[in-house]
Amino acid sequence: MFDPFYPFDWLATQIVTQILGLSISSHLGSSLHFFLYDVPKVLTLLIVISFIVGTFQSFLEPERVRSLLEGKRTFAGNILAATVGIVTPFCSCSAVPLFIGFLEAGVPLGVTFSYLMAAPMVNEVAVILLWGLFGLKVTLIYIGFGVGLAIASGYIIGLLKLEKWVEPFIWELQKSRQAISIEGEDNLETVALSWGQRFEQGRFQSSEIVRSVWLYVVIGIAIGAGIHGYVPTDFITQYAGANNPFAVPIAVMLGVPLYANIAGVMPITEALVNKGMPMGTVLAFTMAVTALSLPEMVILKKVLRPQLLAVFIGLMTVGIISIGYIFNAIINS
């Protein structure tokens, strides 16, 4: 089977064995090979795929997304919002302001939550690295579970009618926006971009993503290399293996504060899988890192009352833990 990353593997092997004179099976040799192979592999994936995603994203500006979701209701709206979240890979730093903008535009609360959950959880960095490290099958399962969780959770929030737990100033902004729209001053203007401009946007996004995350990638791979070469397999399987019934919720709790380092977390998860941690546990860990981040909760607290924030966190936590157990059961069956 053709391996596009074989040159990186070959070069890493030559450096470790021929230049440094180490055995690949030794602790140090294994760690160095992991590091020298994964750094160019992951950065190449980031550069190429983020360019493609950035070019495609030029068709879906935030204002157009808001216009698309405006007025959508019930289950169909949740599906549309979560689907749009897949193809608009905004991180939570931009997803939360968009969440506020959607509410101002009159997008129902449950539909808005479906977008908020899907956009950062199925974001481009997580998907790119999952694909490169674990393959297409795991990536598609991750996307499917993530989008399904966003649809179901948003739909439940919509059924519960929790608008009373949104800070009042949001609804005041909505009324102001509607008044402006009635006066005809809120028309959505779009300017057609040439393919050259779209490619330039893709190049810019690719360079920005790599510039902002490359250090996290290198640090994460270094930590993963240490785990790969030095942490005993028995240690991982004892505390986070299939025989520990609490491994999934523990992994979720550990993932929450790591959002800022998502690009660096993926290589660590690769090393943990190689050491015997079940894929479902790693999947739950990854979802917690992307969807239950502390920075996102801090921002949301400014627009959501504690009761609604607690419902959001509770639904996501239960859903992610359930997905981890289900995925482990599927793999082990």
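Our subject in this report is the structure included herewith. Treat the numbers as computed from the prediction; the structure is a model and nothing was measured.

**Section: the overall build of the protein chain**
Thought 1: From N to C terminus, the protein chain includes 16 helices and zero strands.
Thought 2: Taken across its 333 residues, the protein chain has 48% of its residues classed as buried.
Thought 3: Accessible area of the protein chain: about 15,700 Å², with a carbon and sulfur share of 69%.

**Some remarks on the packing of helix α6 (residues 109-121) against helix α8 (residues 136-160)**
Thought 1: Relative to each other, α6 and α8 sit at 160 degrees, their axes nearing to 7 Å. Here α8 runs roughly antiparallel to α6, going by the angle between their axes. The chirality of how α6 crosses α8 is right-handed. Where α6 abuts α8, its residues Leu109, Gly110, Phe113, Ser114, Met117, Ala118 and Met121 lie against Tyr142, Gly146, Leu149, Ala150, Ile151, Ser153, Gly154, Tyr155, Ile157 and Gly158.

**Considering the environment of Ala105**
Thought 1: Mapped onto the fold, Ala105 is located in the loop between α5 (92-104) and α6.
Thought 2: As a C-alpha pair, Ala105 and Trp171 span 66 residues in sequence and 9.7 Å in three-dimensional space.

**Some details on the packing of α8 against helix α14 (residues 279-291)**
Thought 1: Between α8 and α14, the shortest axis-to-axis distance is 11 Å and the interhelical angle comes to 55 degrees. What the angle tells us is that α8 and α14 run oblique. Judged by the sense of rotation from one axis to the other, the crossing of α8 with α14 is right-handed. Where α8 approaches α14, its residues Val138, Tyr142, Phe145 and Gly146 are matched on the opposing element by Met279, Leu283, Thr286, Met287 and Thr290.
Thought 2: Tallied by class, residues from the contact of α8 with α14 come to six nonpolar, three polar and no charged.

**Quick word on a nonpolar patch on the surface**
Thought 1: Nonpolar side chains collect at one region of the surface, where Phe75, Ile79, Tyr155 and Leu159 lie side by side and expose about 360 Å² of accessible area between them.
Thought 2: In this fold, Phe75 is placed in helix α4 (residues 74-87).
Thought 3: Note on Phe75: relative accessible area 41%, which makes it partly exposed.

**What to know about the environment of Ile157**
Thought 1: Among the structural elements, Ile157 can be located in helix α8.
Thought 2: Among the residues examined, Ile157 registers a relative accessible area of 1% and is labelled buried.
Thought 3: For the pair Ile157 and Val111, spaced 46 residues apart in sequence, the C-alpha separation works out to 8.7 Å.
Thought 4: Not counting the four nearest positions on each side in its chain, Ile157 is found in contact with Leu109, Gly110, Phe113, Met117, Leu162, Val311 and Leu315.

**As for the packing of aromatic side chains**
Thought 1: For the structure on display, the rule yields five aromatic pairs.
Thought 2: Consider the rings of Phe75 and Tyr155, whose centres lie 5.2 Å apart with planes at 80 degrees: the pair is edge-to-face. Pair noted here: Phe75 is in helix α4 and Tyr155 is in helix α8, with a separation of 80 residues, a long-range link.
Thought 3: On the basis of relative accessible area, Tyr155 is assigned to the partly exposed category, the value being 31%.
Thought 4: Between Phe145 and Phe327, the ring centres sit 6.4 Å apart and the planes meet at 85 degrees, which makes this aromatic pair edge-to-face. In this pair, Phe145 is assigned in helix α8 and Phe327 in helix α16 (residues 306-332), connecting sequence segments 182 residues apart.
Thought 5: Note on Phe145: relative accessible area 21%, which makes it partly exposed.

**Re the pattern of salt bridges**
Thought 1: Counting across every chain of the model gives two salt bridges.
Thought 2: Put simply, Arg305 and Glu167 hold a salt bridge, and the shortest N to O gap is 4.0 Å. Of this pair, Arg305 sits in the loop between α15 (294-300) and α16 while Glu167 is found in the loop between α8 and α9 (168-182), placing the two residues 138 residues apart along the sequence.
Thought 3: With a relative accessible area of 30%, Arg305 lands in the partly exposed category.
Thought 4: With a shortest N-O distance of 2.6 Å, Glu200 and Arg203 are connected by a salt bridge. Here Arg203 and Glu200 lie together in helix α10 (residues 195-230), a separation of three residues that amounts to about one turn.

**Here we look at α6**
Since the α-helix packs 3.6 residues into each turn, any two residues three or four apart lie on the same face.
Thought 1: The terminal C-alpha atoms of α6 lie 19 Å apart, and with 13 residues this matches the ideal 18 Å at 1.5 Å per residue to within 8%.
Thought 2: Taking burial as the measure, the 13 residues of α6 include 13 buried ones, the bulk of the element.

**Points about the side chain of Thr139**
Thought 1: Here Thr139 is to be found in helix α8.
Thought 2: Once you skip the residues sitting within four places of it in the chain, Thr139 turns out to touch Val127, Leu130 and Trp131.

**Some thoughts on unusual backbone geometry**
Thought 1: The phi angle at Lys161 is positive, at roughly 55 degrees, despite the residue not being glycine.
Thought 2: By the secondary structure assignment, Lys161 is in the loop between α8 and α9.
Thought 3: Judged by relative accessible area, Lys161 falls into the exposed class, the value being 60%.

Calculation rules
Residues numbered from 1 in each chain as written. Predicted model: local features only at pLDDT ≥ 70, side-chain atom pairs only at ≥ 80, totals over all residues. Heavy atoms only, no water. Helix = DSSP H or I, 4+ residues; strand = E, 2+ residues; numbered from the N terminus. Buried < 20%, exposed > 50% of the residue type's maximum accessible area, 1.4 Å probe, protein only. Areas by Shrake-Rupley, 256 points an atom, 1.4 Å probe, with all protein chains shown as cover. Axes fitted to C-alpha atoms, helices over the stretch in contact; angles between N-to-C directions. Parallel < 35°, antiparallel > 145°, perpendicular 65-115°, else oblique. Left-handed = near helix turned anticlockwise from the far one by under 90°. Contact = heavy atoms within 4.5 Å. Nonpolar A, V, L, I, M, F, W, Y, C, P; charged D, E, K, R; others polar. Patch = residues over 30% accessible without salt bridge, like charges linked within 9 Å, V, L, I, M, F, W, Y side chains within 5 Å. Salt bridge = Lys/Arg side-chain N within 4 Å of Asp/Glu carboxyl O. Phe/Tyr/Trp six-rings, centres within 6.5 Å; stacked < 30°, edge-to-face > 60°. Expected span 1.5 Å × (residues − 1).

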